[in-house]
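The lines below spell out each chain.
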Amino acid sequence: MKRDFKVKVSNWGNYPMVEKEVIAEDNLIKIKEYVRTRQQIIARGNGRCYGDASLAEHIFSTSRLNKFISFDRLNGVIECESGVLLSDILAVVVPQGYFLAVTPGTKYITVGGAIASDVHGKNHHAEGSFSDYVLSFELINSEVEVLTCSREENADLFWATVGGMGLTGIILSAKLQLKNIETSYIRQETIKAKNLDEIFQLFDESENWTYNVAWIDCMQKGENIGRSLMMRGEHALRAELLPKLQKNPLALKKDHIATLPFYLPEFLLNSFSIRLVNWFYYRKQSSDFKANIVHYEPFFYPLDVLGEWNKMYGKKGFIQYQMVLPKNSGKQGMREILETIAHSGNGSFLAVLKLFGKQNQHAYNSFPMEGYTLALDFKVNKKLPALVQALDAIVEKYGGRIYRTKDSMSKSSLTSYLKNVENTRFSSLQSERIQRGL
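Throughout, a residue's number is its position along its own chain's written sequence, starting from 1. Residues qualify for local features only when their pLDDT is at least 70, as the model is predicted, and side-chain atom pairs are given and counted only at 80 or more; totals for whole chains, interfaces and linings, by contrast, use all residues. Excluded from the side-chain calculation are hydrogens and water; included are all heavy atoms of the structure.

Draft legend 1. Broad picture of the packing of helix α10 (residues 330–344) against helix α11 (residues 384–397). Angles here are taken between N-to-C directions and fall from 0 to 180 degrees, while the axes themselves are lines fitted to C-alpha atoms, restricted in helices to the stretch in contact. Numbering of helices and strands runs from the N terminus; a helix is a DSSP stretch of H or I covering at least four residues, while a strand is a stretch of E covering at least two. At a minimum axis separation of 10 Å, α10 and α11 run at an interaxial angle of 170 degrees. As the angle between them shows, α10 and α11 are arranged roughly antiparallel. Packed against α10, whose contacting residues are Gly333, Glu336, Ile337, Thr340, Ile341 and Ser344, the element α11 presents Leu387, Ala390, Leu391, Ile394, Val395 and Lys397 at the interface. Grouping the constituent residues of the contact of α10 with α11 by class yields 7 nonpolar, 3 polar and 2 charged. Here the word oblique covers every angle except those under 35 degrees (roughly parallel), over 145 (roughly antiparallel) and from 65 to 115 (roughly perpendicular). By definition, residues are in contact when any of their heavy atoms lie within 4.5 Å. Asp, Glu, Lys and Arg are counted as charged, while Ala, Val, Leu, Ile, Met, Phe, Trp, Tyr, Cys and Pro are counted as nonpolar; the rest, among them Gly, fall into the polar class.

Have a look at this one:
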């Protein structure tokens, strides 16, 4: 295991870019020695968080912890090392009639990262967060002990770790509960909403659907503010498929990923181009309502079709800003958020609205709370800090908070909600920034 080997590294937003020590190892004795001889350590999976959450002076990459341990096909339980990607799990379990109980908007994150962020998906209102389906995990703590953590064993450490952003130790492996599916397809409905009132009404009407999400045109103003497309879905039954699809109902979709080969020039991403893309996206569906059957890939992972799509924001990178507002003030707060963005001219191609259900009170470090969450992408430029400051003020006004997995410059009062994660060995650039009140 090499020591003090520093490389330039950033997460998916390409901001910030830092030069730090990065080491990957799969030998437990060497991993323990690494932890024993260093401070300011953070584990990093596939680098799909956006800010500085998995950056530190000493970064332990879990890329070599990429092996499966067991798969109980009868009970739908899979055990694997923490560096296994969700895409790897899907490739194994979908043909066997199983699916991830909760999945975020990309399948290229690691199991360890999913636990540390306690990721959520389009079904939080109905089925909760990733941690609700984590049965146990193995963790190296700050005392260099390898502990099994579950709801029954080392329960305090289990609940501190889920959503704890890697600050309690390094997750080595995990055991997950899967969900049954009959097919690899989704019965989907897409509905146009003319404004914020209509999309919130659609969310109210769609709470009985397992999955729902809305894309919002964040550049609209006035009576069109909140113009959007609602996508809601259920796992399709075999009888709902066309005859040709019933022959192989659990088919996987072959990955034909086109990769963006270079960083796009920064001038291409401006208010005009964002308005144009949003205009086309809203009008790509000519009717107000569409029902169809789609494979799970485009439903859950629409952006994964383009490899390294993060380069579209240019070399300076971008941030993803995601907040949650309480349900009773969600619509008014979202209106102020969208008005602020539209007037700033610093719009987002991606503006995704979702509904959260009640938080699991045991998972006190988990980001979701009952309400509405909006995720946005913003190119890094001189105007961005002022926009983030203005958005933070609105989030704080309505009693919301910021998703630490996406955070890189928000107020510490909105991101300092973690508990029981302080120790002398594990920290990140993010946790240190928040502790300083920046």
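Draft legend 2. Quick look at empty space enclosed by the protein. Here a cavity is any set of points on a 1 Å grid over the protein atoms alone where a 1.4 Å probe fits but cannot get out, and a pocket is any open set with protein on both sides within 12 Å along at least 5 of 7 lines; a residue lines the site when it has an atom within 4 Å of a point. Grid points are joined across faces, edges and corners, and a volume is the space filled by probe spheres set on the points. For the structure shown, the criterion picks out 3 cavities of 30 Å³ or more. By volume, the largest cavity is sized at about 60 Å³. The wall of the largest cavity is formed by Leu100, Ala101, Val102, Phe130, Tyr133, Val134, Leu176, Gln177 and Leu178. Along the lines of polarity and charge, the residues of the lining of the largest cavity split into 8 nonpolar, 1 polar and no charged.

Draft legend 3. How the structure looks around the sheet that holds strand β17 (residues 318–326). A pair of strands is labelled paired if DSSP reports no fewer than 2 bridges between them. Read from one edge to the other, the open sheet built from 8 strands follows the order β15-β11-β13-β12-β18-β19-β17-β20, with strand pairing classed as antiparallel. What marks the edges here is a single partner per strand, and that holds for β15 (289–295) and β20 (401–402). The sheet contact formed by strand β12 (residues 211–216) and strand β13 (residues 228–235) spans 6 bridges and is antiparallel. Across the sheet, Ala214 pairs through a bridge with Met230, a residue of β13. Packed onto the sheet, helix α6 (residues 196–205) meets β11 (185–193), β12, β13, β18 (351–356) and β19 (371–379) and runs at close to 145 degrees relative to β11. Sheet strands touched by α10: β12, β17, β18 and β19. Its angle to β19, the strand with the most contacts, is close to 10 degrees.

All quantities given are derived from atomic positions and should not be read as evidence of function.
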